[in-house]
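Each chain, letter by letter, is given below.
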Amino acid sequence: MDKSLIAERFSKAITTYSQEANVQRLIADKMIHLLQEHLSTPCPNVIEFGCGTGIYSRMLLQNLRPKSLLLNDLCEDMKYCCEDLLKEQQVAFLPGDAETIFFPNSSSLITSCSTLQWFESPEKFFQRCNTLLNEQGYFAFSTFGKDNMKEVRELTGNGLPYRSRKELEGALSPHFDILHSEEEIIPLRFENPMKVLYHLKQTGVTGLSIPVPLHTEQDHKIKEHLWTRGDLHHFCECYTRQFSQGSTVSLTYHPIYIIAKKKKV
C-alpha cells in the first residue's frame, strides 16, 4: 500500500466524495442500525478510524451520543470536512495512519466504515484494537469482500487484497467474540464505462485502480504504464462487452459488516 498516494487521492476527492458516495452512505446507515442492536447508549469513548468526510461520524455522534468521539483519518485535510463536528466539545480529530498512530486506551468502541481494505495488515490491527479497548469494549467495522469492483479487477488484473468474511472472522476470533457478521452484494448501474471511471475518481478510490495494468486481448500480458487514449478506448470496449445489461454497465460493491466484543480474559 502506498499510503501517501491513498491520502493524495482522497484529498483530491474531498469536494466530490459526498455526492458520489451513495453506497458508502447506505453502508454507514446499516452499521449504525447494527450498533444500536448490540450496544447500549450512550457509548462513552468512541474511536473512528478512517472518518473521511464524516458521513459515518455524524451518525455516530447523533445515535450513540458518546462522551468522547475521536476521529482519525490518514488524510489530514479531512478535518476541514468535519469542522461542524469539531465544534462539539466531545469531538476531536487525530490525523495519521491508524495502523501505527497512538490511540488512547480504555475505549468503549473502535469502529469504521469502508476503510479496513486499505490496511497493510488488518490482522495485526485486530490484535492492537483488543489491547486498546476496555474490558467491555466493542470493535465494529464494515469493509469490502473479494467481489468488490470485480468488473474493474477482471479487466485490469489490479485490485486491493480483499479478505473474505471467513478470513476476517478467523483473524478476529482469537481476540473477539463475533456478535454479528454478514455480507451483501450491491450492484450499481452506469450509462457507460466512462461514468464508472468518473464515479471511482470522484470517490477517491482510484489510488490503486487508475492508472492500472491493462490486459490486452492480443497476448494476455499486462502492460505496466500509464493509460493512453487507446488503452482507455480498449478498456471501455471490453467493459461494455463483458458487463452490459441492456443499455447500462454494472459495478459491484461487496460490503462486509462485523460487530465484535472483546474476549473476556
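Every value quoted in this text rests on a predicted model; they were computed, and no experiment measured them.

Attention now goes to the overall build of the protein chain. On a plain count of helices and strands, the protein chain comes out with 10 helices and 12 strands. A compact globule built from 265 residues should have a C-alpha radius of gyration of about 18 Å, and the protein chain, at 19 Å, falls within 12% of that. Projected onto its principal axes, the C-alpha positions of the protein chain cover 60 × 40 × 35 Å. Expressed as a percentage of the 265 residues in the protein chain, the buried residues total 54%. Considering only contacts in the protein chain between residues 6 or more positions apart, those separated by 24 or more positions represent 73%. Of the roughly 12500 Å² that the protein chain leaves accessible, carbon and sulfur atoms contribute 51%. Across the protein chain, the mean location of the 29 positive side-chain charges is 2 Å away from that of the 32 negative side-chain charges.

Now for the side chain of Asn72. Relative to the helices and strands, Asn72 resides in strand 2 (residues 68-73). Within the local environment of Asn72, its side chain forms a polar contact with the backbone oxygen of Gly96, the two atoms lying 3.1 Å apart.

Before going further, it helps to spend a moment on the packing of aromatic side chains. Applying the stated rule across the entire model yields 12 aromatic pairs. Ring geometry for Phe235 against Tyr239: centres 5.5 Å apart, planes inclined by 55 degrees, an arrangement best described as tilted. You can see Phe235 and its partner Tyr239 sitting in helix 10 (residues 229-243), four residues apart, about one turn around the helix. The same class applies to Phe235 as to Tyr239, namely buried. Aromatic rings pair up to connect Phe49, Phe119, Phe125, Phe126, Phe139, Phe141 and Phe176 into one cluster. The side chain of Lys30 reaches across the aromatic face of Tyr257, ending 4.7 Å from its centre.

What follows covers the nonpolar core. Counting residues in hydrophobic clusters, the biggest one holds 61 residues, and the most contacted among them are Leu35, Tyr56, Leu71, Leu109, Tyr239, Leu251 and Tyr253. No other element matches the seven residues that helix 3 (residues 22-38) contributes to this core. Listed in part, the 23 residues of the second largest apolar core include Leu70, Ala98, Ile101 and Phe103.

Moving on to empty space enclosed by the protein. Counted according to the given criterion, the structure contains two cavities of 30 Å³ or more. Of the volumes computed, that of the largest cavity is approximately 650 Å³. Along the walls of the largest cavity sit 43 residues, with Phe10, Ser114, Thr115, Gln117 and Trp118 positioned nearest its centre. Going through the elements one at a time, helix 1 (3-12), helix 3, helix 4 (55-64), strand 2 and helix 7 (150-156) are the ones with two or more residues in the lining of the largest cavity. Take the lining of the largest cavity: its biggest share by element is four residues, from helix 1. Of the residues contributing to the lining of the largest cavity, the split by class is 23 nonpolar, 14 polar and six charged. What the second largest cavity holds in volume is close to 60 Å³. Taken together, Leu116, Gln117, Phe119, Pro122, Thr143, Phe144, Pro161, Tyr162, Arg163 and Leu168 make up the full set of residues lining the second largest cavity. Residues that form the lining of the second largest cavity fall into these classes: seven nonpolar, two polar and one charged.

With 92% of its residues at a pLDDT of 70 or more, the protein chain has an overall mean of 89. Below pLDDT 50 for its whole length, residues 207-225 participates in 46 contacts with residues either more than four positions away or in separate chains.

With that settled, consider the packing of helix 9 (residues 193-202) against helix 10. Between helix 9 and helix 10, the least distance of the axes is 9 Å, while the angle of their chain directions is 110 degrees. Considering their axes alone, helix 9 and helix 10 lie roughly perpendicular with respect to each other. Here Pro193, Met194, Val196 and Leu197 of helix 9 lie close against helix 10, whose contacting residues are Leu232, Phe235, Cys236, Tyr239 and Thr240.

The next point concerns the pairing of strand 4 (residues 107-113). A regular strand carries its side chains on alternate faces of the sheet. Among the seven residues of strand 4, seven are classified as buried, and the element is accordingly described as predominantly covered. Looking at chain direction, strand 1 (residues 45-49) and strand 4 are connected through three bridges and run parallel. Within the sheet, the bridge partner assigned to Val46 lies in strand 4 and is Leu109. Inspection of the sheet shows strand 4 paired to strand 5 (residues 133-144) by six bridges, in the parallel sense. Its bridge partner lying in strand 5, Ile110 is registered against Phe139.

Analysis parameters
- Residues numbered from 1 in each chain as written.
- Predicted model: local features only at pLDDT ≥ 70, side-chain atom pairs only at ≥ 80, totals over all residues.
- Heavy atoms only, no water.
- Helix = DSSP H or I, 4+ residues; strand = E, 2+ residues; numbered from the N terminus.
- Rg over C-alpha atoms; globule rule 2.2 N^0.38 Å.
- Buried < 20%, exposed > 50% of the residue type's maximum accessible area, 1.4 Å probe, protein only.
- Contact = heavy atoms within 4.5 Å.
- Areas by Shrake-Rupley, 256 points an atom, 1.4 Å probe, with all protein chains shown as cover.
- Lys, Arg positive; Asp, Glu negative; His and termini not counted.
- Charge placed at Lys NZ, Arg CZ, Asp CG, Glu CD.
- Polar contact = N/O pair within 3.5 Å; in protein donor to acceptor, adjacent residues only side chain to side chain.
- Phe/Tyr/Trp six-rings, centres within 6.5 Å; stacked < 30°, edge-to-face > 60°.
- Lys NZ or Arg CZ within 6 Å of the ring centre and 35° of its normal.
- Core = buried A, V, L, I, M, F, W, Y, C linked by side-chain atoms within 4.5 Å.
- 1 Å grid on protein atoms, 1.4 Å probe; cavity = no way out; pocket = protein on both sides within 12 Å on 5 of 7 lines; lining within 4 Å.
- Points joined across faces, edges and corners; volume = space filled by probe spheres on them.
- Nonpolar A, V, L, I, M, F, W, Y, C, P; charged D, E, K, R; others polar.
- pLDDT = per-residue confidence, 0-100.
- Axes fitted to C-alpha atoms, helices over the stretch in contact; angles between N-to-C directions.
- Parallel < 35°, antiparallel > 145°, perpendicular 65-115°, else oblique.
- Pairing = 2+ DSSP bridges.

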